[in-house]
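Inside the fold
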Amino acid sequence: MATPTAERSAAPTHVDEPRQAGHVVQLDGSSLVRVGARPRLLDYVQRLWAFRHFIIYDSHSKVQTANSNDAMGRVWMVVNPILSGLAYFLVFGLLLDLSRGISNFIGYLIIGVFMFRYTTSAVSSGASSMVSNQSVVQAFNFPRASLPFAINVRELFANVPMLIVMALLVITIGDIPLADTPPTPVSVDWLWLFIFPVLALNFLLSTGLGMLLARAVSAYTDVKHMISFGMRIWFYTSAVFFTVDRFAGSPGGEYIEFVMYHNPMFCVLDIIRSTWLYGEMADPYRWVVLTVSSVCIFIIGFLVFWHGEEKYGRER
């Protein structure tokens with residue numbers, strides 16, 4: 001008979017199994033980037049180009065839904081500049097007699113009001129692109145510059161009817177004589193085609209300014225209140241309803257002329273007026289100023305906007 005001690009010793013004992021070491025998985029994180037991180041400039045440009053379909057689609061969709069709640073819909077895009085031009089004509093053309101000495105003043109005023117309204121709308125909308133789309137910026141990872149680009153493409157598409165109406169008004173009533181200023185007959189010729197390179201340079205100008213201001217508004221929201229004030233100064237220094245010759249011989253007139261001659265928006269208006277109203281080539285210096293300023297402002301605006309890529313959409 002086995003003793004209790006022997007029975008205990010014969011009973012099976014529990015032995016812990018040795019733990020197996022876990023497998024180590026190597027991950028290549030070289031292609032991973034932090035969400036919202038600013039990519040290199042070349043990569044950023046490539047990503048922006050990849051979003052070109054979104055830019056065009058977003059522009060088309062916004063144009064289709066613009067003024068959808070109004071009874072007249074998109075007709076207001078044409079009616080608004082006409083009403084503005086009529087108001088400027090009554091106040092400055094008739095009451096203040098600023099039309100004296102300007103041949104084809106009606107066409108002169110139409111081109112100034114229509115083109116400046118289009119440009120200021122594109123710049124102002126681009127400046128608020130980050131603030132007005134903050135929820136989209138916070139929710140999705142995409143090149144933020146596609147938003148101001150889309151806004152400027154949208155403004156260009158939306159103002160095509162306005163440009164057509166502007167051309168029709170210049171042809172039909174642009175050379176109606178006023179007071180004692182002899183009119184210049186308006187005729188459509190190949191010089192009218194210069195509107196396309198002017199629009200291309202104007203697009204670069206408005207997009208660059210929009211991105212530059214978008215960075216400022218995103219950092220300091222109060223800047224948006226100063227934009228309308230700046231646009232008003234830009235309006236009065238672009239010779240929308242008067243000529244630069246008015247300041248010739250006046251005190252400080254040479255400085256005013258210098259500022260206006262180097263104002264890219266004045267160059268836009270002067271080129272279109274020369275080719276559409278007076279059937280002549282614009283001063284080549286206007287092309288130089290417009291080209292250099294538009295390209296430089298676009299590059300500076302793009303670089304400044306790209307540099308703040310990581311800051312857009314952050315809670316304040």
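Residues numbered from 1 in each chain as written. Predicted model: local features only at pLDDT ≥ 70, side-chain atom pairs only at ≥ 80, totals over all residues. Heavy atoms only, no water.

Moving on to a nonpolar patch on the surface. On the surface, a cluster of nonpolar side chains totalling about 350 Å² of accessible area is made up of Leu41, Val45, Val295, Ile299 and Leu303. Those elements that place two or more of their residues in the nonpolar patch are helix H2 (41-50) and helix H14 (284-307). If one sorts the elements of the nonpolar patch by residue count, H14 sits on top with 3 residues. For isoleucine 299, a relative accessible area of 44% puts it in the partly exposed group. (Patch = residues over 30% accessible without salt bridge, like charges linked within 9 Å, V, L, I, M, F, W, Y side chains within 5 Å. Areas by Shrake-Rupley, 256 points an atom, 1.4 Å probe, with all protein chains shown as cover. Salt bridge = Lys/Arg side-chain N within 4 Å of Asp/Glu carboxyl O. Helix = DSSP H or I, 4+ residues; strand = E, 2+ residues; numbered from the N terminus. Buried < 20%, exposed > 50% of the residue type's maximum accessible area, 1.4 Å probe, protein only.)

Phi is positive for asparagine 104, which is not a glycine, with a value near 60°. Structurally, the position occupied by asparagine 104 is in the loop between helix H4 (76-95) and helix H5 (105-127). For asparagine 104, a relative accessible area of 3% puts it in the buried group. Even without being glycine, alanine 239 reaches a positive phi, approximately 55°. Tracing the sequence through the fold places alanine 239 in the loop between helix H11 (224-236) and helix H12 (253-261). Classification of alanine 239 as buried rests on a relative accessible area of 0%.

Turning our attention to the confidence of the model for the protein chain. The share of residues in the protein chain with pLDDT of 70 or more is 80%, and the mean pLDDT across the chain is 82. The weakest mean pLDDT in the protein chain belongs to helix H1 (residues 4-10) at 44; the strongest belongs to H14 at 96. Throughout residues 1-15 the model reports pLDDT below 50, and contacts reaching past four residues in sequence, or to other chains, amount to 1 contact. (pLDDT = per-residue confidence, 0-100. Contact = heavy atoms within 4.5 Å.)

Counted according to the given criterion, the structure contains 4 salt bridges. Two residues, aspartate 43 and arginine 40, come together in a salt bridge whose shortest N-O distance is 3.0 Å. Assessed through its relative accessible area of 24%, aspartate 43 is described here as partly exposed. Look at arginine 40 and you get exposed, because its relative accessible area is 63%. With its nearest N and O atoms 4.0 Å apart, the salt bridge here joins arginine 286 to aspartate 283. The partly exposed category is assigned to aspartate 283, whose relative accessible area is 38%. Salt bridges linked by common partners bring Asp270, Asp283 and Arg286 together as one network.

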